[in-house]
Amino acid sequence: MPLVTPAAPLDYLGVDALVDDETRDLQAAVRHFVDERVRPHVATWFEDGRLPARDLARELGELGVLGMHLTGYGCAGTSATAYGLACLELEAGDSGLRSLVSVQGSLAMYAIWRFGSAEHKQEWLPAMAAGRAIGCFGLTEPDFGSDPAGMRTRARRDGDDWILSGTKMWITNGSVADIAVVWAQTDDGIRGFVVPTDTPGFSAPEIKRKLSLRASVTSELVLDDVRLPADAVLPGGTGMGGPLSCLNEARMGIVFGALGAARDCLETTIAYAQSRQIFDKPLAAHQITQVKLADMTVELGKGLLLALHLGRLKDTGTLDHRQISLGKLNSVREALTIANTCRTILGAAGITLDYPVMRHAANLESVLTYEGTSEVHQLVIGQTLTGHAAFR
Ligand SMILES: Cc1cc2nc3c(=O)[nH]c(=O)nc-3n(C[C@H](O)[C@H](O)[C@H](O)COP(=O)(O)OP(=O)(O)OC[C@H]3O[C@@H](n4cnc5c(N)ncnc54)[C@H](O)[C@@H]3O)c2cc1C
């Protein structure tokens, strides 16, 4: 078999052959969806700063990727590896698309699936798996991002009811959500609440003027004395362990997903460099270009092998959150470097939306920051190695 086949120009290490047929078929189906439904429009969505989230959610529900790694309630019950590879294909389209799916499946749905009551699950999970209901996950606040335990949003008792007050910031899907999972301080520590977004006192103004993840809805959540019934609280997941376990689910999608954006940049750039003539020969035939392409292919291959390894650890139930930190740090950091290097090869053309490269690079700045910044993951790894927590 030739090393680099036309069907998989970037599968240099033959990683494709390491997954079973069912997983490969699923990955191919997601890739087809992205090619047909997303790729023709995404540059315009990005330019206009919008995403047709409601239509896409329905279609992604039909495709079966919303909460796909969860079991029951209309979820597909796939492996973590299959979920990761689906995220890779989605993010090859745009990080905003993958963010929609990550937040829906790994943050909002997972929180309800893992910590919710039987009633919460029945009411929300089938509708969310089908994309009829959109979820968001409110943890970050204006003054508490990397250190969410300091959150000021508070839930107090009023008779049997709960009253929620506070502000959440940078919340993906916020303005289009039907249901918000909101984390708040209570007398018993941090708890999660299921908040229908039509509850009086709840509003979700969209954050504008973003230069990254423009094809994604990002919002503030304002909770102005939102009155909720006693059973709105998630019975499980008390303390920071609740939201952090959801973030670990979502980070698995990013470990794979960021590499999809990198692959798309590299594919675009190899094709561009073949057709662009510079100093009387193709740009691809110049040594400096080949050095860049080779180095990027090395990092992409290493990243894919690492992602697959972590996916398999998760599938065997032995994955530690500190290993996910290493994967998230590596995938996003390398993907961003690849996107920026590809941009140099495209020259001036690289700064436009005619090519996906700078869009991916801009998106990856958000991916570098959310779900734990690179620095936070470095501190997690540092603590693992030295035993010293250097966070504060
Ligand atoms: C597009 C987008 C979508 C998002 N979606 C969601 C969402 O759906 N739900 C949600 O809850 N949140 C979401 N977030 C928020 C995201 O999780 C936070 O932005 C992230 O946790 C970082 O918080 P911060 O922006 O407040 O940065 P800060 O915490 O203020 O960090 C600023 C800088 O300080 C560094 N830093 C932090 N701690 C240390 C330390 N101990 N030592 C040295 N340096 C340190 C950081 O690495 C960073 O470089 C989203 C963010 C973005 C950009």
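What you see is a predicted model, and the numbers here were worked out from it, not measured in a lab. (Residues numbered from 1 in each chain as written. Predicted model: local features only at pLDDT ≥ 70, side-chain atom pairs only at ≥ 80, totals over all residues. Heavy atoms only, no water.)

1. A closer look at the overall build of the chain
Step number 1: Check the secondary structure of the chain and you find 11 helices and nine strands.
Step number 2: Against the compact-globule benchmark of 21 Å for 392 residues, the chain has a radius of gyration of 21 Å, which places it among compact chains.
Step number 3: Here the C-alpha coordinates of the chain stretch approximately 80 × 45 × 40 Å along the principal axes.
Step number 4: Look at the contacts in the chain between residues 6 or more apart in sequence, and 75% of them connect residues 24 or more apart.
Step number 5: A total of about 16,800 Å² of accessible surface is found on the chain, and carbon and sulfur atoms cover 53% of it.
Step number 6: The chain carries 36 positive and 46 negative side-chain charges, and their two centres are separated by 4 Å. (Helix = DSSP H or I, 4+ residues; strand = E, 2+ residues; numbered from the N terminus. Rg over C-alpha atoms; globule rule 2.2 N^0.38 Å. Contact = heavy atoms within 4.5 Å. Areas by Shrake-Rupley, 256 points an atom, 1.4 Å probe, with all protein chains shown as cover. Lys, Arg positive; Asp, Glu negative; His and termini not counted. Charge placed at Lys NZ, Arg CZ, Asp CG, Glu CD.)

2. Points about the pairing of strand 5 (residues 189-196)
Step number 1: Most of strand 5 sits out of view: six of its eight residues are buried.
Step number 2: Of the strand pairs in this sheet, strand 4 (residues 179-186) and strand 5 are connected by eight bridges, and their pairing is antiparallel. Within the sheet, the bridge partner assigned to Val-182 lies in strand 5 and is Phe-193.
Step number 3: Remark: two residues form the turn of the hairpin made by strand 4 and strand 5, two consecutive strands paired antiparallel. (Buried < 20%, exposed > 50% of the residue type's maximum accessible area, 1.4 Å probe, protein only. Pairing = 2+ DSSP bridges.)

3. Remarks on the nonpolar core
Proteins that are soluble and globular tend to have nonpolar side chains buried together.
Step number 1: Residues Phe-256, Leu-266, Met-296, Leu-300, Cys-342 and Leu-364 are the most contacted members of the largest nonpolar core, which totals 44 residues.
Step number 2: Going through the elements one at a time, helix 4 (80-93), helix 7 (241-275), helix 8 (287-315), helix 9 (321-346) and helix 10 (357-369) are the ones with two or more residues in this core.
Step number 3: If one sorts the elements of this core by residue count, helix 7 sits on top with 12 residues.
Step number 4: If we ignore the near neighbours within four places in the chain, the residues touching Met-296 are Leu-266, Ile-338, Thr-341, Cys-342 and Ile-345.
Step number 5: Of all hydrophobic cores here, the second largest spans 29 residues; its members include Cys-75, Met-109, Phe-115 and Leu-247. (Core = buried A, V, L, I, M, F, W, Y, C linked by side-chain atoms within 4.5 Å.)

4. Remarks on the site of the ligand
Step number 1: Taken together, 17 residues form the shell around the ligand, and within it Thr-140, Ser-146, Trp-170, Thr-373 and Phe-391 come nearest.
Step number 2: Within the backbone of Phe-137, a nitrogen or oxygen atom sits 2.9 Å from a nitrogen atom of the ligand.
Step number 3: Between the ligand and Phe-391, the relevant distance is 2.7 Å, taken from a nitrogen atom to a main-chain nitrogen or oxygen of the residue.
Step number 4: If you list the elements that add at least two residues to the shell around the ligand, you get strand 3 (161-172), helix 10 and helix 11 (374-386).
Step number 5: For the shell around the ligand, a count of residues per class yields eight nonpolar, seven polar and two charged. (Near = heavy atom within 4 Å. Polar contact = N/O pair within 3.5 Å; in protein donor to acceptor, adjacent residues only side chain to side chain. Nonpolar A, V, L, I, M, F, W, Y, C, P; charged D, E, K, R; others polar.)

5. With respect to the pattern of salt bridges
Step number 1: Evaluated as defined, the whole model comprises 22 salt bridges.
Step number 2: Arg-227 is the salt-bridge partner of Asp-158, the closest N and O atoms lying 2.7 Å from each other. Pair noted here: Asp-158 is in strand 2 (residues 154-158) and Arg-227 is in strand 7 (residues 218-228), with a separation of 69 residues, a long-range link.
Step number 3: For Asp-320, the salt bridge goes to Arg-322, with nearest N and O atoms at 2.7 Å.
Step number 4: For Arg-322, a relative accessible area of 39% gives the class partly exposed.
Step number 5: The network of salt bridges with shared partners includes Arg-31, Glu-89, Arg-263 and Glu-267. (Salt bridge = Lys/Arg side-chain N within 4 Å of Asp/Glu carboxyl O.)

6. Overview of the side chain of Thr-197
Step number 1: Note on placement: Thr-197 falls in the loop between strand 5 and strand 6 (202-203).
Step number 2: By relative accessible area, Thr-197 is classed as buried at 18%.
Step number 3: Within polar-contact distance, the side chain of Thr-197 engages the backbone oxygen of Ala-177 at 2.7 Å.
Step number 4: Once you skip the residues sitting within four places of it in the chain, Thr-197 turns out to touch Ala-177, Asp-178, Ile-179, Ala-180 and Phe-202.

7. What to know about helix 10
Step number 1: The end-to-end C-alpha distance of helix 10, which contains 13 residues, comes to 19 Å, matching closely the 18 Å that a straight helix rising 1.5 Å per residue would cover.
Step number 2: In terms of burial, helix 10 is largely enclosed, as 10 of its 13 residues are buried.
Step number 3: Taken together, the buried positions of helix 10 are Val-357, Arg-359, His-360, Ala-361, Ala-362, Asn-363, Leu-364, Ser-366, Val-367 and Leu-368.
Step number 4: Where helix 10 is buried, its residues touch helix 2 (42-48), helix 4, helix 5 (95-115), helix 7, helix 9 and helix 11.
Step number 5: Positive backbone phi, at 60°, marks Glu-371, one or two positions downstream of helix 10. (Expected span 1.5 Å × (residues − 1).)

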